[in-house]
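Remarks on the overall topology
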Amino acid sequence: MNIIVTAGPTREPLDPIRFISNRSTGKMGYALADVCARRNHKVLLISGPVSIVPPRNVRLVMVETADEMFNAVRKSIPWCDVLVMAAAVSDFKAKYIHPGKMKKRDMRDILHLKRNVDILKAVRPRKGKRIYVGFAAETSNIIQEAQKKLKEKGVDLIVANDVTMKNSGFGTDTNRVVFLFANGCIKKLPLMRKTQVAGKIIDWIEDQHGNDK
Ligand code: CTP
């Protein structure tokens with residue numbers, strides 16, 4: 001299969017020095033890209049700024065902002081069979097990016113922000129027979145919140161996790177996730193290494209793809 005995996009955070013500049021971002025380290029997305037490549041799928045890894053070593057045998061495109069990530073994803077939709085959005089896309093960006101450093105004497109205590117594009121929602125009309133997988137990073141009401149995302153984003157699978165739990169979420173090597181499928185089924189997985197979670201996700205994708213033929 002031709003698989004796009006997005007990973008890491010995006011960074012939204014405020015001026016040449018400062019940015020808004022989040023705690024994603026890219027580990028889950030990189031593990032997914034690695035497992036896909038090891039299983040001989042063709043992988044396009046679209047990554048925000050991270051400091052981990054990229055997997056072998058993937059095409060790597062580094063991006064900075066949500067808009068750049070959107071453009072990279074959009075361009076490759078016709079090529080792909082599967083899109084896995086593991087990236088933690090920043091939901092907001094600065095209304096104005098200052099061309100020079102903002103001096104604190106001129107700064108107020110309010111940042112003016114505007115919403116970023118929702119990449120999954122934006123590529124939803126082009127889904128066709130492609131398999132779309134999203135993630136949901138939550139801190140409470142995990143299942144309900146993930147169910148909302150499953151519907152709103154029109155994906156086949158949402159991989160939800162509680163990022164406040166020990167050994168789960170940002171920066172850890174392990175994750176405890178729940179799979180929510182478009183047909184309403186829910187599957188809770190035990191705490192596992194992120195590479196094992198990646199294996200479970202790819203197992204399901206391979207099954208789906210096989211069934212579709
Ligand atoms: N996502 C996306 N574009 C965005 C934000 C998120 O495509 N602008 C994708 C993520 O890659 C992930 C899924 O949508 O696969 C859910 O992301 P998450 O950050 O959990 O949710 P949000 O849609 O940002 O909603 P909220 O912040 O309200 O929980």
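Provided above is the structure to which this section pertains.
1. Observations concerning the layout of surface pockets
Estimates place the volume of the largest pocket at around 1,000 Å³. Of the residues forming the lining of the largest pocket, the biggest block, five residues, is contributed by helix α4 (residues 142-153). Class assignment of the residues belonging to the lining of the largest pocket gives a composition of 15 nonpolar, 14 polar and 11 charged. Its boundaries defined by the atoms lining it, the second largest pocket holds a volume of some 330 Å³. Lining of the second largest pocket is provided by 14 residues; of these, H98, M102, I110, L111 and H112 occupy positions nearest its centre. Considered class by class, the residues forming the lining of the second largest pocket number seven nonpolar, two polar and five charged.

2. As for the nonpolar core
Formed by 34 residues in total, the largest nonpolar core has its most connected members in L32, V84, I201 and I205. Of all the secondary-structure elements, those providing two or more residues to this core are β1 (2-7), α1 (27-38), β4 (42-47), β6 (82-85), β9 (131-138), β10 (157-162), β12 (177-181) and α5 (194-212). Residue contributions to this core peak at eight residues, all from α1. If sequence neighbours within four positions are ignored, V84 has contacts with I3, I4, V5, T6, L32, V133, F135 and I205. Grouped together as the second largest cluster of nonpolar side chains are 26 residues, L44, A72, A87 and I119 included.

3. Concerning the sheet that holds β9
Read across the open sheet, the eight strands follow the order β5-β4-β1-β6-β9-β10-β12-β13; overall the sheet is mixed. Of all strands in the sheet, those bounded by a partner on one side alone are β5 (59-62) and β13 (186-188). Neighbour-to-neighbour, the strand axes of the sheet open up by a mean angle of 15°, direction not taken into account. The sheet contact formed by β1 and β4 spans six bridges and is parallel. Residue pairing in the sheet places I3 in a bridge with V43 of β4. Contacting β9, β10, β12 and β13, α4 crosses the sheet at an angle of about 150° to β10.

4. Topic: unusual backbone geometry
Notably, N40 is not glycine yet its phi reads approximately 70°, a positive angle. Among the structural elements, N40 can be located in the loop between α1 and β4. Classification of N40 by relative accessible area gives exposed; the value is 69%. In this structure, N141 is a non-glycine residue whose phi angle is positive, near 45°. By the secondary structure assignment, N141 is in the loop between β9 and α4. By relative accessible area, N141 is classed as partly exposed at 46%.

5. Quick notes on the pairing of β6
Residue alternation in β6 divides its side chains into two sets, V82 and V84 and L83 and M85, and both sets are buried. Here four bridges tie β1 to β6, and the two strands are oriented parallel to one another. Each residue of the ladder has a partner; that of V5, found in β6, is V84. Both β6 and β9 contribute to a ladder of four bridges, which runs parallel. Note on β9: the bridge partner recorded for L83 is Y132.

Here is what the cut-offs are and how they apply
Residues numbered from 1 in each chain as written. Predicted model: local features only at pLDDT ≥ 70, side-chain atom pairs only at ≥ 80, totals over all residues. Heavy atoms only, no water. 1 Å grid on protein atoms, 1.4 Å probe; cavity = no way out; pocket = protein on both sides within 12 Å on 5 of 7 lines; lining within 4 Å. Points joined across faces, edges and corners; volume = space filled by probe spheres on them. Helix = DSSP H or I, 4+ residues; strand = E, 2+ residues; numbered from the N terminus. Nonpolar A, V, L, I, M, F, W, Y, C, P; charged D, E, K, R; others polar. Core = buried A, V, L, I, M, F, W, Y, C linked by side-chain atoms within 4.5 Å. Buried < 20%, exposed > 50% of the residue type's maximum accessible area, 1.4 Å probe, protein only. Contact = heavy atoms within 4.5 Å. Pairing = 2+ DSSP bridges. Axes fitted to C-alpha atoms, helices over the stretch in contact; angles between N-to-C directions.

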